Amino acid sequence: MRIVALAGGIGGARFLRGLLAAVGPQDEITVIGNTGDDIHLYGLKVCPDLDTVMYTLGGGIHEEQGWGRTDETWSIKAEMKEYGVGPEWFGLGDRDFATHLVRSQMLTAGYSLSQVTEALCVRWKPGVRLLPMSDDRVETHVRITDEQGTRAVHFQEYWVRLHAEVDAEAIVPVGADTAKPAPGVLEATAEADVILFPPSNPVVSIGTILAVPGIREAVAAAPAPVVGLSPIIGGAPVRGMADKVLAAVGVEATAEAVALDYGPALVDGWLVDTVDEASVAAVEAAGIACRAVPLLMTDVEATAEMARAALALAEQVRK
């Protein structure tokens, strides 16, 4: 079975770990990773979502945080502070710095982000084929209004420095409209047996991937069934601030509203948590097959059960 998953950061990475536990060694998983969270810091190209997937599946993630490296040290950050070089609000540990140094050196040498990602995965052996959504530069920005007036800030600043405490007025994936899908993205989508939307942020993770011209169209036209898992449980995101960015695009923070925002032209099946079972009928009335199952990723086996439920629903709605 050839499975394609569109994935953002922590939620996507943890779901993929469960998916790997749910499928057999003969199955092939291609992950199309969000690069809208990418940011340039200290002259380095930082790809938080790609790295979170790579570290999580490769056994190097800081489990409690869900991001960054395990057994991390912070000597470089401390030295940068002594030189008065910021930003102080974004933490890059010493081990993490090495990844960004290698990536940036390779990019400067002329390699594409896809080629760099493949090279980095040689070390980590994540068990999936990890593709960036695009080799072109895309950065998600958020329009806010605060004491400095109305302005746009990088998504990382909105989330890490401001903690999403300021209302998001608009979400803009800068550069997405002129970006091209990375090599292999459209081919993987066309050849997939199943396409999955993990419980990643529907706006700044999966939504940004779909904003790259050609990807949404490829997913919608794919012969494979498309099944998503709700990142909203009981009217609130499991983690993160999906509610903040959903409000910015005029979507209510409910499992039903997210499904309807994707729409039946894009997704064939949708999983909601058992606490949201009352929304199943409304989602199905819109033309999307819907089931209620436990969606809390409490451990790998619980996550594997979510993946099995998604694959089972995909079989039921196969085109």
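A quick note: this is a predicted structure, and the numbers were derived from the prediction, not measured. (Residues numbered from 1 in each chain as written. Predicted model: local features only at pLDDT ≥ 70, side-chain atom pairs only at ≥ 80, totals over all residues. Heavy atoms only, no water.)

Draft legend 1. Quick peek at the overall build of the protein. Helix and strand counts for the protein stand at 13 helices and 14 strands. On C-alpha atoms alone, the protein measures out to a radius of gyration of 19 Å, which is about the 20 Å that the 2.2 N^0.38 rule sets for 319 residues. Taken along its principal axes, the extent of the C-alpha atoms in the protein is 60 × 50 × 40 Å. Here the protein, with 319 residues, has 54% of them falling under the buried criterion. Put simply, 70% of the contacts in the protein that link residues at least 6 apart link residues at least 24 apart. Working note: accessible area of the protein is about 13400 Å², and carbon and sulfur atoms make up 53% of it. Averaging the locations of the 24 positively and 43 negatively charged side chains of the protein gives two centres separated by 4 Å. (Helix = DSSP H or I, 4+ residues; strand = E, 2+ residues; numbered from the N terminus. Rg over C-alpha atoms; globule rule 2.2 N^0.38 Å. Buried < 20%, exposed > 50% of the residue type's maximum accessible area, 1.4 Å probe, protein only. Contact = heavy atoms within 4.5 Å. Areas by Shrake-Rupley, 256 points an atom, 1.4 Å probe, with all protein chains shown as cover. Lys, Arg positive; Asp, Glu negative; His and termini not counted. Charge placed at Lys NZ, Arg CZ, Asp CG, Glu CD.)

Draft legend 2. Here's a closer look at the nonpolar core. Of all hydrophobic cores here, the largest spans 56 residues; its most connected members are Leu6, Ile195, Phe197, Leu210, Tyr262 and Trp270. Take this core: its biggest share by element is five residues, from helix α11 (residues 255-262). If you look at the next biggest cluster of nonpolar residues, it comprises 41 residues, including Leu16, Val23, Tyr55 and Leu57. (Core = buried A, V, L, I, M, F, W, Y, C linked by side-chain atoms within 4.5 Å.)

Draft legend 3. Seen up close, the pattern of salt bridges. Overall, the coordinates contain 13 salt bridges when judged by the stated rule. A salt bridge links Glu63 to Arg17, with the nearest nitrogen and oxygen atoms 2.8 Å apart. Taken together, the residues span a long stretch of sequence, with Glu63 in the loop between α2 (48-58) and α3 (75-82) and Arg17 in helix α1 (residues 10-22) at a distance of 46 residues. Using a relative accessible area of 36% as the deciding quantity, one classes Glu63 as partly exposed. Note that Arg143 is salt-bridged to Glu169, the shortest N-O span being 3.3 Å. Taken together, the residues span a long stretch of sequence, with Arg143 in strand β6 (residues 139-146) and Glu169 in the loop between α6 (155-161) and β8 (170-174) at a distance of 26 residues. What makes Arg143 partly exposed here is its relative accessible area of 39%. What you see here is one network of salt bridges that share partners, running through Glu301, Glu305 and Arg308. (Salt bridge = Lys/Arg side-chain N within 4 Å of Asp/Glu carboxyl O.)

Draft legend 4. A look at the sheet that holds strand β1 (residues 2-7). As summarised here, the arrangement of the seven strands in space is β5-β2-β1-β9-β10-β13-β14, forming an open sheet in which the pairing is parallel. Strand pairing shows two members of the sheet lacking a second neighbour, β5 (129-132) and β14 (289-292), which therefore form its edges. Here the average twist between neighbouring strands, direction ignored, is 20°. In the packing of α1 onto the sheet, the strands contacted are β1, β2 (28-33), β9 (194-197) and β10 (226-229), and the crossing angle to β1 comes to about 165°. (Pairing = 2+ DSSP bridges. Axes fitted to C-alpha atoms, helices over the stretch in contact; angles between N-to-C directions.)

Draft legend 5. The arrangement of the packing of aromatic side chains in detail. All chains considered together, the criterion is met by five aromatic pairs. One aromatic cluster is present, built from ring pairs that chain together Phe197, Tyr262 and Trp270. (Phe/Tyr/Trp six-rings, centres within 6.5 Å; stacked < 30°, edge-to-face > 60°.)

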